[in-house]
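Observations on the three-dimensional arrangement
Now for the letters of each chain:
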Amino acid sequence: MRAHHVDLTKLSTSILIVAFASLAGAVVAWFAGAHGLTLGGVPVVVVAAMLCFGIQWLAYVPAALRQTEHFYDLVGSLTYLTVVGVAVGVRAQAERLDVRGVVVTALVAVWAVRLGSFLFGRVRRAGVDARFDLIKRSWHRFLVAWTLQGLWVFLTLLAALVMLASPEHRPLGVLDAVGLTLWCVGFAIEVVADRQKREFRADPANRERWIDTGLWAWSRHPNYFGEILLWTGVFLAGLGAFDRGATLAVLSPIFVFMLLRFGSGVPILEERADARWGGQPAYEAYKARTPILVPWMPRSPSA
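How each quantity is defined
Residues numbered from 1 in each chain as written. Predicted model: local features only at pLDDT ≥ 70, side-chain atom pairs only at ≥ 80, totals over all residues. Heavy atoms only, no water. Helix = DSSP H or I, 4+ residues; strand = E, 2+ residues; numbered from the N terminus. Rg over C-alpha atoms; globule rule 2.2 N^0.38 Å. Buried < 20%, exposed > 50% of the residue type's maximum accessible area, 1.4 Å probe, protein only. Contact = heavy atoms within 4.5 Å. Areas by Shrake-Rupley, 256 points an atom, 1.4 Å probe, with all protein chains shown as cover. Lys, Arg positive; Asp, Glu negative; His and termini not counted. Charge placed at Lys NZ, Arg CZ, Asp CG, Glu CD. Salt bridge = Lys/Arg side-chain N within 4 Å of Asp/Glu carboxyl O. Patch = residues over 30% accessible without salt bridge, like charges linked within 9 Å, V, L, I, M, F, W, Y side chains within 5 Å. Phe/Tyr/Trp six-rings, centres within 6.5 Å; stacked < 30°, edge-to-face > 60°. Lys NZ or Arg CZ within 6 Å of the ring centre and 35° of its normal. Polar contact = N/O pair within 3.5 Å; in protein donor to acceptor, adjacent residues only side chain to side chain.

A short note on the overall build of the protein
The secondary structure content of the protein amounts to 11 helices and 2 strands. Going from N to C terminus, the protein has its helices and strands arranged as α-β-β-α-α-α-α-α-α-α-α-α-α. Here the C-alpha atoms of the protein give a radius of gyration of 21 Å, agreeing with the 19 Å that 2.2 N^0.38 yields for 303 residues. Projected onto the principal axes, the alpha-carbon positions of the protein cover approximately 60 × 60 × 30 Å. The buried share of the protein, taken over its 303 residues, is 46%. Contacts in the protein between residues at least 24 apart in sequence constitute 80% of all its contacts with a sequence separation of at least 6. Just so you have it, the protein exposes about 15300 Å², and 67% of that area is on carbon and sulfur atoms. In the protein, the 29 positive side-chain charges and the 21 negative ones have mean positions that sit 3 Å from each other.

So this is what it looks like as structure tokens:
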């Protein structure tokens, strides 16, 4: 009886999370896209939100039947490409496609292809993704994971979507240059950090060690810093075209920062690292001298 009660509680919790995530996405989409371009009478941003969730739910069905997470990250990346492709298509059809639209679309596409191939390759090499060891055996918890990915894709893309759906057509300016620069710097940091970590782990001599070389000597999570930086760049690059949806568009970089710094990024990895190496003098010294996110010169042990 007690086990049955626990199962019902978990099921109810999962249903509430799915409902809340879907409702949050719908509300943000409606207000962010209310004054933008439409597709069949429906705001483009709303159509984008529907695609973000719909694609995840369709992919969830075979994934749940096979209890596999192998194409979870790949579907996320394909969703980015599909949604931004639809948005730029509508803008082009409305004869509103300009240099800014082309640039922002290219930035999103390059990032999505790079990250999707990187994560998919990592899962293929590892065979499994530890994040899904338990939840993929529960249909409702697995559904939560796919639904939250839909919300993640939509909120991360929000600034780009608001820009592409904007009826405004304004020339490029200083903010566009700043945004493009931030994106390039952030993308470079993310790519280099991921490559350094992959090469570090490929060396058998580092099997029981934490990475503290290269960019990882300046930040304990430089790849996440690069991610935050590049999406801030996308927001700034689109800022010149924002109209009344600009206020909600800022949710994009804020969401990425909050998710990585306080959600499914830094806290989880810090907890895993502490469980594995916590208490070791060398590891504790590394934590003491290395900033957790923003790269900076390593602090001296005395500091």
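Once the structure has been displayed, the description carries forward.
With respect to unusual backbone geometry
In this structure, Gln-67 takes a positive phi of about 50° despite not being glycine. In this structure, Glu-95 is a non-glycine residue whose phi angle is positive, near 60°. With respect to the secondary-structure elements, Glu-95 resides in the loop between helix 3 (72–93) and helix 4 (99–126). In this structure Glu-95 comes out as exposed when scored by relative accessible area, which is 69%.

Notes on the pattern of salt bridges
Counting across every chain of the model gives 9 salt bridges. With its nearest N and O atoms 3.7 Å apart, the salt bridge here joins Asp-98 to Arg-91. For Asp-98, a relative accessible area of 9% corresponds to the buried category. Between Arg-209 and Asp-212 there is a salt bridge, with the nearest N and O atoms lying 3.2 Å from each other. On the accessibility criterion, Arg-209 (35% relative accessible area) is partly exposed.

Here's the deal with a nonpolar patch on the surface
Judged by side-chain polarity, Leu-23, Val-27, Trp-30 and Phe-31 come together as a nonpolar surface patch covering roughly 450 Å² of accessible area. Among the secondary structure elements, Phe-31 is positioned in helix 1 (residues 2–33). In this structure Phe-31 comes out as exposed when scored by relative accessible area, which is 56%.

Overview of the packing of aromatic side chains
Applying the stated criterion across every chain, the model contains 14 aromatic pairs. Ring geometry for Trp-277 versus Tyr-283: centroids 6.0 Å apart, planes at 45°, classification tilted. Here Trp-277 matches Tyr-283 in class, with each residue buried. An aromatic cluster is present here, built from Tyr-60, Phe-71, Tyr-72, Phe-142 and Trp-146 joined pairwise through their rings. The ring of Trp-210 carries Arg-209 above its face, with NZ or CZ at 5.4 Å from the centroid.

Topic: the side chain of Asp-194
Within the fold, Asp-194 resides in helix 6 (residues 174–202). For Asp-194, the side chain forms a polar contact with the side chain of Arg-114, separated by 3.0 Å. If we skip the residues at most four places from it in the chain, Asp-194 touches Arg-114, Phe-118 and Asn-223.

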